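These are the residues of each chain, in order.
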Amino acid sequence: MDMTPATPAGRKPASSAPPRRPRLSRLCRRGAGASIWAAVPATAFIAVLFLLPLAILFVQGFQDGTLDAYRKALTDGLYVGVLADTLLVAAYVSLICLLIGYPVAYFLATAGGYWPTIGLIFLLLPFWTSVLVRTYGWMVILGRNGIVNRLLLDTGVIASPIIMINNLMGVLIGMVHVLLPYMVFPLYAVMRRVDPNLLAAAEGLGASRWETFRRVYFPLTLPGVLAGATLVYVLSVGFYITPALLGGGKVPMTALLIEKQVSQFLDWGFASALSVVLLAATLVVYLILRIVLRGNMQWN
């Protein structure tokens, strides 16, 4: 015989077990705590090996507790002119790398068969050789009695050797050769993700190849342009070996001035001030470049 007490109609029998509390919030708190502790070693690594040296560099610029070093770096016509030339050379290198790297990346992203693999191998080969060795190689190739001048003289194209080193041309050639892969790889990675159906749809709607490239393909690859231009520009600003050897001291850049202040004048304070000013100028140009390209992406 069932002895269970009857319950009124429409009511559910009360459960004797205590209600279970949701565990989702506790799991989230545990996951967040674990993530924070996991990030502690990386944060300490960055703070000790990156932020601390920057702070020391910034403090060293205050010679005798004054702003004379920073004032000289920001107001002296010589150093301001060299800083402007440095930023201009970096802009030239970034533009040339973009003009050369964009077609190369497009070919690697759209070619079939073994061509992409072969192209990537040729792009990676220079990384196996020191920048110093590559720069000396360009000095042999572009010198007054180098391979290029001898070939042009023997074929009668020119009557006298062309000066291609100890000037801006040699510096640009050497820097573009070193930094071109840093432009190609971000572009290649972005181009590989572009959906070909979008291009086919644009052509199907009557757009020409140029219109398809200008209004569909190029806007989709702007993130690669931003990444590649940023990498090349930041690396170009601090270049030392290539401008020193291929420029022959006739293409002054801020990195050369910093080295001269340390090695010849032993003026660590002013060298630190020049370094901080160069870093600040690089960050400003980077932010401007990022805002311009981001705005162009949103407009498109």
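Reading the values: rules and limits
Residues numbered from 1 in each chain as written. Predicted model: local features only at pLDDT ≥ 70, side-chain atom pairs only at ≥ 80, totals over all residues. Heavy atoms only, no water. Helix = DSSP H or I, 4+ residues; strand = E, 2+ residues; numbered from the N terminus. Buried < 20%, exposed > 50% of the residue type's maximum accessible area, 1.4 Å probe, protein only. Contact = heavy atoms within 4.5 Å. Areas by Shrake-Rupley, 256 points an atom, 1.4 Å probe, with all protein chains shown as cover. Arc of directions from axis to C-beta. Core = buried A, V, L, I, M, F, W, Y, C linked by side-chain atoms within 4.5 Å. Phe/Tyr/Trp six-rings, centres within 6.5 Å; stacked < 30°, edge-to-face > 60°. Polar contact = N/O pair within 3.5 Å; in protein donor to acceptor, adjacent residues only side chain to side chain. Axes fitted to C-alpha atoms, helices over the stretch in contact; angles between N-to-C directions. Left-handed = near helix turned anticlockwise from the far one by under 90°. Patch = residues over 30% accessible without salt bridge, like charges linked within 9 Å, V, L, I, M, F, W, Y side chains within 5 Å. Salt bridge = Lys/Arg side-chain N within 4 Å of Asp/Glu carboxyl O.

Trainee: Please give an account of the overall build of the protein chain that cites residues and values.
Mentor: Scanning the protein chain from terminus to terminus reveals 13 helices and zero strands. Secondary structure elements of the protein chain occur, N-terminal to C-terminal, as α-α-α-α-α-α-α-α-α-α-α-α-α. Considering the protein chain as a whole, with its 300 residues, one finds that 31% of them fall into the buried category. Pairs at least 24 apart in sequence give 73% of the contacts found in the protein chain among residues at least 6 apart. Carbon and sulfur atoms provide 69% of the accessible area of the protein chain, an area that totals close to 19,300 Å².

Trainee: Describe in detail helix α4 (residues 115–124), supporting the description with residues and values.
Mentor: For α4, the full list of buried residues reads Pro116, Gly119 and Leu123. Angularly, the buried residues of α4 cover 65° about the axis, an arc narrow enough to put them on a single face. As for α4, its buried residues are in contact with α3 (77–110) and α7 (168–191).

Trainee: Tell me what's going on with the nonpolar core, and back it up with residues and numbers.
Mentor: Among the nonpolar cores identified, the biggest contains 33 residues, and Val93, Cys97, Leu179, Leu187 and Met191 are the most heavily contacted of them. Elements represented by at least two residues in this core include exactly α3, α7 and α10 (222–237). With twelve residues, α7 is the largest single contributor of residues to this core. In this structure, Ala73, Leu257, Phe270 and Ala271 belong to the second largest nonpolar core, which totals 20 residues.

Trainee: So, the packing of aromatic side chains: which residues are in play, and what are the values?
Mentor: For the coordinates displayed, the defined rule picks out twelve aromatic pairs. Their ring planes at 45° and their centres at 5.8 Å tell us that Phe58 and Tyr70 sit as a pair that is tilted. Of this pair, Phe58 sits in helix α1 (residues 24–60) while Tyr70 sits in helix α2 (residues 68–75), and the two are twelve residues apart along the sequence. In this structure Tyr70 comes out as buried when scored by relative accessible area, which is 10%. Pairing Phe213 with Phe218 gives two aromatic rings, centres 5.9 Å apart and planes at 45°, and the pair type is tilted.

Trainee: Break down unusual backbone geometry for me, with residues and values.
Mentor: Residues other than glycine seldom take positive phi values, yet Asn166 does so here, at roughly 60°. The topology assignment puts Asn166 in the loop between α6 (147–154) and α7. Judged by its relative accessible area of 34%, Asn166 falls in the partly exposed class. A positive phi is found at Leu266, a non-glycine position, where the angle reads about 55°. Its place among the elements puts Leu266 in the loop between α12 (254–263) and α13 (268–299).

Trainee: Would you mind going over the side chain of Thr86 in detail, with residue names and values included?
Mentor: When you line up the elements, Thr86 lands in helix α3. Judged by relative accessible area, Thr86 falls into the buried class, the value being 0%. One polar contact links the side chain of Thr86 to the main-chain carbonyl oxygen of Val82, over a distance of 2.8 Å. Those residues in contact with Thr86 that sit more than four places away from it in its chain are Val237, Pro252, Met253, Thr254 and Leu278.

Trainee: An account of the packing of α4 against α7 is requested, with residue identities and associated values reported.
Mentor: For the pair α4 and α7, the least separation of the axes is 10 Å and the interaxial angle reads 145°. Judged by the twist between their axes, the crossing of α4 over α7 is left-handed. Residue-level inspection shows Leu120, Leu123 and Leu124 of α4 in contact with α7, the latter providing Pro181, Val184, Phe185 and Tyr188.

Trainee: Please provide a residue-by-residue account of a nonpolar patch on the surface, values included.
Mentor: Together, Phe107, Tyr114, Trp115, Ile118, Ile121, Phe122, Leu124, Leu125, Phe127 and Trp128 line one region of the surface with nonpolar side chains, adding up to about 1,200 Å² of accessible area. Looking at which element gives the most residues to the nonpolar patch, the answer is α4, with five residues. By secondary structure assignment, the location of Leu125 is in the loop between α4 and α5 (131–142). Classification of Leu125 as partly exposed rests on a relative accessible area of 33%.

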